[in-house]
Amino acid sequence: MKSARVLKNGLQKRAGVATLAAKCFSSLAQQDYIAMEKAHGCNNYAPLPVVLERAEGVFMWDTDGNKYFDYLAGYSAVNQGHCHPKLVEAMTEQAKKLTLTSRAFHNNKFGPALKYLTQEFGYDKVLFMNSGSEAGESAVKFARRWAYEKKGV
């Protein structure tokens, strides 16, 4: 019981810090947000000098209220547009039940999704990926397995 109370107190403190941080940083100039990123983050991209705050459909707005057309679509992660009401509703409803499971567990959505994709596209099997590096790694493993089984390499 004590550990649950300590966890609850810790989460409440973190939530309070997050709320305070949101209030403190909600009205900075774009160059201040960019400077904060440069000072505290690792430099692995050279983003455009625009600080986005919200988006809807194909449009995005920066912290100064300027409206942009999103030609990048989140590198294809949001081809359906930003904040689509049906997707937001579906994500919210699912997050209320179960936010995420690692592949170390089964869940009641994964199998049906795999079945749908294999039947819809005529595949034997499908493999979900989080990133391109996982896709490349899996492709190498598939090729090695095929070479071993089919060619005896």
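Right, let's walk through the structure included here. Bear in mind the structure is a predicted one, so any value in this text is a computation, not a measurement.

1. Things to note about the pattern of salt bridges
Scanning all chains against the criterion turns up three salt bridges. Between Lys-141 and Glu-137 there is a salt bridge whose closest N-O contact spans 3.1 Å. Here Glu-137 and Lys-141 lie together in helix H6 (residues 132-151), a separation of four residues that amounts to about one turn. Glu-149 is paired through a salt bridge with Arg-145; the nearest N and O atoms lie 3.0 Å apart. With Glu-149 and Arg-145 both in helix H6 and four residues apart, this pair spans about one turn of that helix. What makes Arg-145 exposed here is its relative accessible area of 55%.

2. Here we look at the environment of Phe-69
Along the chain, Phe-69 falls in strand E3 (residues 67-69). Judged by relative accessible area, which is 40%, Phe-69 ranks as partly exposed. Sequence separation of Phe-69 and Phe-59 is ten residues, and the distance between their C-alpha atoms is 4.7 Å. Not counting residues within four places of it along the chain, the set of residues in contact with Phe-69 comprises Val-58 and Phe-59.

3. Some remarks on the side chain of Asp-70
If you trace the backbone, Asp-70 turns up in the loop between E3 and helix H3 (73-76). Of the side chains bearing the opposite charge, Arg-54 lies closest to the buried Asp-70, which forms no salt bridge; the N-O distance is 13 Å. With residues near it in sequence (within four places) discarded, Asp-70 still touches Val-58, Met-60, Val-78 and His-82.

4. Quick notes on the sheet that holds E3
Ordered in space as E1-E2-E3, the three strands form an open sheet in which the pairing is antiparallel. Of all strands in the sheet, those with a lone pairing partner are strand E1 (52-56) and E3, marking the two edges. Strand-to-strand twist across the sheet, computed as the mean angle between neighbouring axes with direction ignored, equals 30 degrees. Of the strand pairs in this sheet, E1 and strand E2 (residues 59-62) are connected by four bridges, and their pairing is antiparallel. Across the sheet, residue Glu-56 finds its bridge partner in E2, namely Phe-59.

Quick notes on the rules
The numbering scheme is per chain: residues are counted from 1 as the chain's sequence reads. The model is predicted, so local features are restricted to residues of pLDDT at least 70 and side-chain atom pairs to those at 80 or more, both for listing and for counting; the totals for chains, interfaces and linings are taken over all residues. Side-chain calculation: all heavy atoms of the structure are included, whereas hydrogens and water are not. Salt bridge, as applied in this entry: a Lys or Arg side-chain nitrogen positioned within 4 Å of an Asp or Glu carboxyl oxygen. The helix and strand labels rest on DSSP assignments: H or I over at least four residues marks a helix, E over at least two residues marks a strand, and numbering proceeds from the N terminus. Summary of the burial criterion: residues with accessible area below 20% of their type's maximum are buried, those above 50% are exposed, and those between are partly exposed, where the area comes from a 1.4 Å probe applied to protein chains only. Residue contacts follow a heavy-atom distance rule, with two residues in contact if any of their heavy atoms lie within 4.5 Å. Under the convention used here, Asp and Glu are negative, Lys and Arg are positive, and both His and the chain ends fall outside the count. One requirement defines pairing of two strands: DSSP has to find at least two bridges between them. Axes, fitted as lines to C-alpha atoms, cover a helix only where it is in contact. Angles between the N-to-C directions of the axes lie from 0 to 180 degrees.

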